[in-house]
Amino acid sequence: MNIAIIGTGVYGISMAIALSKNKNNNIIMWTESDKTYSDFSSWYKACPLLNNIKIPKSIKITKDYSEALKDANIVFIMCAAKFVGSVSKDIKPYINKDMIFIIGSKGIEQGTCRFVHEVFLDNIKTNKLAVISGPSFAIDIANLEPIGLACSTKNTNSFNTIKSIYNGTNIKLRRSRDLIGTELCGSIKNVVAVASGILDGLGYSESTRSFLITESLHDIKELIRGLGGKKSTILSFAGVGDLLLTATSTKSRNYSYGLLLGSKKEKEAKKYLEDNTVEGYYTVKSIYSLIKKKRIKMPLIDLIYKIVMENDDPYKLVDFLMNKD
């Protein structure tokens, strides 16, 4: 199977490494970065983005959309969510009707409050579209740790083809048909992870963290329903699986950022935000706008927004949990 991966962030690279374990896969990655393109050959010996893991030499790199897509059967969209609109426009001249598209980008578009798959479909009309999401740090994928991901698509043939490229790899897929729920879970878990870090920074225990996670699961389930998704998606890899991982691990940039906020290390938190992509910081703005636009009540998101964006008292998180109906 010929696979094109658009984007060379750590998630895209780690996915390429995992997929290379299936010897039937031919993988090419696209980058717009001159530095990444020139450095890539040295990454076959040691990739500094992934603790110096060796990237298999079978994985190729290009800066040319035509070269990346000319023979592709499956196209992964792994760029940052804010670039999905422009990338989908740019690749349109090079695609064909038989291609299957897999969106690994997570987030909600700023301003429009639209899901990534909706932005993609604005530019590329296809029924061969899937979204993947689940509990997986890039370094763990690259280290070939056993990983479970949700693959959400309404097209059974597409799912079967996608599942086949993961044969012999460290990744197991479970199917979902709920694109909205899968994307929402993959976005909002980053917001809850920030809140989880804040609680830990304030000195609260693992028990209080679990309190927050459990309450947030109830709220996310209702938000999925309110936006037209399926409440059962909260029980998937994309739901409770990803939330548990992201909201409890120091490998999580969202949790780590929240930890600095809760510890009152404001300068360090600002610097961390400058040096790292903290998805929850940006997503809380989108989610907050989304629920206001849709007139959906979600007091937990309201509070996290005020703490993160308006420097409200973080101890209000505990007051909220104790007084929540």
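The following paragraphs examine the structure supplied in this document. Residue positions are counted from 1 within each chain, in the order its sequence is given. Note on the predicted model: pLDDT of at least 70 is required for a residue's local features to be given, and 80 or more for side-chain atom pairs to be given and counted; whole-chain, interface and lining totals, by contrast, use all residues. Each side-chain value is derived from all of the structure's non-hydrogen atoms; neither hydrogens nor water enter the calculation.

With respect to unusual backbone geometry
Line of reasoning, step 1. Of note in the backbone geometry, Asn52 takes a positive phi value of approximately 65° without being a glycine.
Line of reasoning, step 2. Here Asn52 shows up in the loop between α2 (34-43) and β3 (60-62).
Line of reasoning, step 3. Three labels apply to residues, based on accessible area from a 1.4 Å probe with only protein chains included: buried if under 20% of the type maximum, exposed if over 50%, partly exposed otherwise in between. The partly exposed category is assigned to Asn52, whose relative accessible area is 48%.
Line of reasoning, step 4. In this structure, Lys264 takes a positive phi of about 65° despite not being glycine.
Line of reasoning, step 5. For helices the rule is a DSSP run of H or I covering at least 4 residues; for strands it is a run of E covering at least 2, with both sets numbered from the N terminus onward. Looking at the element boundaries, Lys264 is found in the loop between α11 (253-262) and α12 (266-275).

Overview of the nonpolar core
Line of reasoning, step 1. Ranked by internal contacts, the top residues of the largest apolar core, which has 50 residues, are Ile220, Leu223, Leu227, Tyr257, Ile304 and Leu317.
Line of reasoning, step 2. Where this core is concerned, the elements lending two or more residues are α8 (179-201), α9 (206-226), α10 (237-246), α11, α12, α13 (279-294), α14 (299-310) and α15 (316-323).
Line of reasoning, step 3. The element that contributes the greatest number of residues to this core is α8, accounting for 11 residues.
Line of reasoning, step 4. Contacts between residues were defined by any pair of non-hydrogen atoms, one from each residue, lying within 4.5 Å. When near neighbours in sequence (up to four residues on either side) are disregarded, Leu223 contacts Leu184, Ile188, Ile291, Ile296 and Met298.
Line of reasoning, step 5. Met15, Ile17, Ile102 and Ile162 belong to the second-largest nonpolar core, a separate cluster that totals 41 residues. Think of a nonpolar core as a cluster: buried Ala, Val, Leu, Ile, Met, Phe, Trp, Tyr and Cys residues, connected wherever their side-chain atoms sit within 4.5 Å.

Brief notes about the pattern of salt bridges
Line of reasoning, step 1. The term salt bridge refers to a side-chain nitrogen of Lys or Arg lying within 4 Å of a carboxyl oxygen of Asp or Glu. Taken as a whole and judged by the stated rule, the model has 15 salt bridges.
Line of reasoning, step 2. Between Lys324 and Asp219 there is a salt bridge, and its shortest N-O distance comes to 3.2 Å. In this pair, Lys324 sits in the segment after α15 while Asp219 sits in helix α9, placing the two residues 105 residues apart along the sequence.
Line of reasoning, step 3. A residue is classified by how much of its surface remains accessible, and Asp219, at 13% relative accessible area, is buried.
Line of reasoning, step 4. Within the structure, one salt-bridge network assembled from shared partners comprises Lys97, Asp98 and Lys128.

Considerations on the sheet that holds strand β4 (residues 74-77)
Line of reasoning, step 1. A sheet is described by the order of its strands in space; here eight strands give the open sequence β3-β2-β1-β4-β5-β6-β7-β8, paired in mixed fashion. Two strands bound the open sheet, and with one partner strand each, they are β3 and β8 (171-176). On average, each strand axis in the sheet is tilted by 25° relative to the strand beside it, whichever way the strands run.
Line of reasoning, step 2. Examined bridge by bridge, strand β5 (residues 100-103) and strand β6 (residues 129-133) share three bridges and lie parallel to one another. Paired with Ile102 across the bridge in β6 is Ala130.
Line of reasoning, step 3. For helices, the fitted axis covers only the stretch in contact; all axes are lines through C-alpha atoms, and the angles between them, taken along N-to-C directions, range from 0 to 180 degrees. Its contacts with the sheet place α10 against β6, β7 (147-152) and β8, and it is angled at close to 145° to β7. Pairing between strands is defined by DSSP: at least two bridges between them are needed.

Focus: the packing of aromatic side chains
Line of reasoning, step 1. Aromatic pairs are defined between Phe, Tyr and Trp rings, using the six-membered ring for Trp, whenever the two ring centres lie within 6.5 Å; interplanar angles under 30 degrees are classed as stacked, those over 60 as edge-to-face, and all others as tilted. The tally for this structure, following the rule as stated, stands at nine aromatic pairs.
Line of reasoning, step 2. Ring centres 5.2 Å apart and planes at 55° place the aromatic pair Phe101 and Phe120 in the tilted group. Within this pair, whereas Phe101 is found in strand β5, its partner Phe120 is found in helix α5 (residues 116-123), the two being separated by 19 residues in sequence. When sorted by exposure, Phe101 lands in the same class as Phe120, which is buried.
Line of reasoning, step 3. When the centroid spacing of 5.2 Å and the interplanar angle of 90° are considered together, the rings of Tyr281 and Tyr282 count as edge-to-face.
Line of reasoning, step 4. The exposure class assigned to Tyr281 is buried, which follows from its relative accessible area of 17%.
Line of reasoning, step 5. Relative accessible area serves as the criterion here: at 38%, Tyr282 is assigned to the partly exposed category.
Line of reasoning, step 6. Among the aromatic residues, ring-to-ring pairing joins Trp30, Tyr65 and Tyr94 into one connected group.

Things to note about the environment of Val116
Line of reasoning, step 1. Along the polypeptide, Val116 turns up in helix α5.
Line of reasoning, step 2. The exposure class assigned to Val116 is buried, which follows from its relative accessible area of 2%.
Line of reasoning, step 3. Along the sequence, Val116 and Ile61 sit 55 residues apart, while their C-alpha atoms lie 25 Å from each other.
Line of reasoning, step 4. Beyond its immediate sequence surroundings of up to four residues, Val116 is in contact with Ala81, Val84, Ile103, Ser105, Gly107 and Glu183.

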